[in-house]
Amino acid sequence: MADGRPGNSPATPLQVSGAPAPIWQRLRFDAGQAAEQEPTLASYLNPTVLNHENFSEALCYQLAQKAGGPDMSALAIREICAEAYKSDPDIVTAAERDLQAVLDRDPATRSTLQPFLFFKGYLPLQTHRVGHWLWGQGRETLAFFLQSRMSELYAVDINPAAPFGSGVFIDHATGIVIGETARVGNDVSMLQGVTLGGTGKVFTDRHPKIGNGVLLGAGAKVLGNITMGDEARVGSGSVVLSDVPPRCSVAGVPAKPVGGACMQPAKTMDQRFDVGL
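None of the values given here were measured: they were computed from a predicted structure.

A. Summary view of the overall build of the protein chain. Looking only at helices and strands, the protein chain has nine helices and 16 strands in total. Reported as C-alpha extents along the three principal axes, the dimensions of the protein chain are approximately 55 × 45 × 30 Å. Looking at the protein chain as a whole, 52% of its 277 residues qualify as buried. Within the protein chain, contacts between residues at least 6 apart in sequence are counted, and of these 46% link residues at least 24 apart. Total accessible area on the protein chain stands at roughly 12500 Å², and carbon and sulfur atoms take up 52% of it. Counting 23 positive and 27 negative side-chain charges, the protein chain places the centres of these two groups 4 Å from one another.

Here's what the structure looks like:
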């Protein structure tokens, strides 16, 4: 099979035993096709994707090119990312699952290239994963530097102490704010303007704990040391101030249960609510 570089057209679809090909193979394929179809992009796609041996190398390069600047060079940030990925390969696995989540849940995504190169939900999340690793190493000032750059570049503000699961999809992302003691589980989806915040000046555990498979609608505010159960769903513009049971839909200010049980809302991205009117 062709390797996906410019000038080499693949002879067969990127499928392995009927299943989608691994993310790195698909990314190279998409980059190769884009470079063939739009030759002016080849000088961008070659150093960003096609010249690398694996997904982690390409991701290091991309995050560094975005975050680098006069205060810290892209090369320095690239070395930090490489150190994090070598120390904890699960960060790369999570990044691959995040990319797959975008492909599965965002109908506007045409290929792996869009989120990997451009999306301001995917890129700051991967920068945050490196910052969270730094935080765990006791390198807090450097972690805060990456948080600051992420906020400047993408208008996404995630405290580096907050852990994230994998398979997370952040759509549009502008205005996302996530506090220090928040926790985000696996396979979560959230849209722009979501806040996982506190309710006052409390120095202990003060932010929400988001379970697996939760969907947070645009502009949702989840405040305080509360728990959202697995596969719960929050309507757009809602303010959640108390625990939400698993597979429960809530909406309003303050949010209250609406409709019946929901199943896998983060994967279906279904934001319609049956309020029983």
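B. Highlighting the sheet that holds strand 5 (residues 176-178). Pairing within the open sheet is parallel, and its five strands lie in the order 3-5-8-11-14. Pairing within the sheet leaves two strands with one partner each, and these edge strands are strand 3 (156-158) and strand 14 (239-240). Bridge count between strand 5 and strand 8 (residues 195-197): two bridges; the pairing is parallel. Within the sheet, the bridge partner assigned to valine 177 lies in strand 8 and is threonine 195.

C. Main features of the environment of proline 22. By secondary structure assignment, the location of proline 22 is in the loop between strand 2 (19-20) and helix 1 (23-37). For proline 22 and glutamate 96, which are 74 residues apart along the polypeptide, the C-alpha to C-alpha distance reads 8.9 Å.

D. Region of the structure containing helix 8 (residues 140-154). Given a rise of 1.5 Å per residue, 15 residues ought to cover 21 Å, and the 21 Å separating the end C-alpha atoms of helix 8 matches this to within 8%. Of the positions making up helix 8, those classed as buried are Leu142, Ala143, Leu146, Gln147, Arg149, Met150 and Tyr154. Down the axis of helix 8, the buried set is contained in an arc of 165°. They therefore lie on one face. Those residues of helix 8 that are exposed and angled more than 90 degrees off the buried face are Thr141 and Glu152. For helix 8, the secondary structure elements touched by its buried residues are helix 3 (55-67), helix 4 (74-87), helix 7 (122-136) and strand 3. Alanine 155 sits one or two residues past helix 8 and shows a positive phi near 60°.

E. Geometry of the environment of aspartate 104. As for its position among the elements, aspartate 104 is in helix 5 (residues 90-105). Look at aspartate 104 and you get exposed, because its relative accessible area is 54%. Counting along the chain gives 164 residues from aspartate 104 to threonine 268, while the straight-line C-alpha distance between them is 9.2 Å. Looking at aspartate 104, its side chain comes within polar contact range of the side chain of glutamine 100, at 2.8 Å.

F. Structural context of the packing of helix 2 (residues 42-50) against helix 3. Between helix 2 and helix 3, the shortest axis-to-axis distance is 8 Å and the interhelical angle comes to 125°. Put simply, helix 2 runs oblique to helix 3. Contacts between helix 2 and helix 3 involve Tyr44, Pro47 and Thr48 from the first element and Ala58, Tyr61 and Gln62 from the second. A per-class count over the contact of helix 2 with helix 3 returns four nonpolar, two polar and no charged.

G. Structural view of the packing of helix 3 against helix 4. With their axes 8 Å apart at the nearest point, helix 3 and helix 4 run at an angle of 140° to one another. Where helix 3 crosses over helix 4, the two elements pack in a sense that is right-handed. Side by side, helix 3 and helix 4 meet where Ser56, Leu59, Cys60, Tyr61, Leu63, Ala64, Gln65 and Ala67 of the first sit next to Ala74, Ile77, Arg78, Cys81, Ala82 and Tyr85 of the second.

H. Geometry of the nonpolar core. Counting 73 residues, the largest nonpolar core has Phe55 and Tyr85 as its most contacted members. If we skip the residues at most four places from it in the chain, phenylalanine 55 touches Ile23, Trp24, Leu27, Val92, Ala95, Glu96, Leu99, Phe116 and Tyr122. In terms of nonpolar packing, the next biggest core, distinct from the first, is built from seven residues, Ala101, Val102, Leu191 and Ala218 among them.

I. Spotlight on the side chain of arginine 233. Its place among the elements puts arginine 233 in strand 13 (residues 233-234). It is aspartate 270 that comes nearest to the buried, bridge-free arginine 233 among opposite-charge side chains, at 4.3 Å. A distance of 2.9 Å separates the side chain of arginine 233 from the side chain of serine 249, its partner in a polar contact. The contacts of arginine 233, once residues within four sequence positions are left out, are Leu215, Met228, Cys248, Ser249, Val250, Cys262, Pro265, Asp270, Gln271, Arg272 and Phe273.

J. A look at unusual backbone geometry. Residue proline 254 is reached from valine 253 by a cis peptide bond, and omega for that bond is -5°. Within the secondary structure, proline 254 sits in the loop between strand 15 (249-251) and strand 16 (256-257). Of note in this structure, methionine 269 is not a glycine but carries a positive phi near 55°. As for its placement among the helices and strands, methionine 269 is situated in the segment after helix 9 (265-268).

Analysis parameters
Residues numbered from 1 in each chain as written. Predicted model: local features only at pLDDT ≥ 70, side-chain atom pairs only at ≥ 80, totals over all residues. Heavy atoms only, no water. Helix = DSSP H or I, 4+ residues; strand = E, 2+ residues; numbered from the N terminus. Buried < 20%, exposed > 50% of the residue type's maximum accessible area, 1.4 Å probe, protein only. Contact = heavy atoms within 4.5 Å. Areas by Shrake-Rupley, 256 points an atom, 1.4 Å probe, with all protein chains shown as cover. Lys, Arg positive; Asp, Glu negative; His and termini not counted. Charge placed at Lys NZ, Arg CZ, Asp CG, Glu CD. Pairing = 2+ DSSP bridges. Expected span 1.5 Å × (residues − 1). Arc of directions from axis to C-beta. Polar contact = N/O pair within 3.5 Å; in protein donor to acceptor, adjacent residues only side chain to side chain. Axes fitted to C-alpha atoms, helices over the stretch in contact; angles between N-to-C directions. Parallel < 35°, antiparallel > 145°, perpendicular 65-115°, else oblique. Nonpolar A, V, L, I, M, F, W, Y, C, P; charged D, E, K, R; others polar. Left-handed = near helix turned anticlockwise from the far one by under 90°. Core = buried A, V, L, I, M, F, W, Y, C linked by side-chain atoms within 4.5 Å. Salt bridge = Lys/Arg side-chain N within 4 Å of Asp/Glu carboxyl O.

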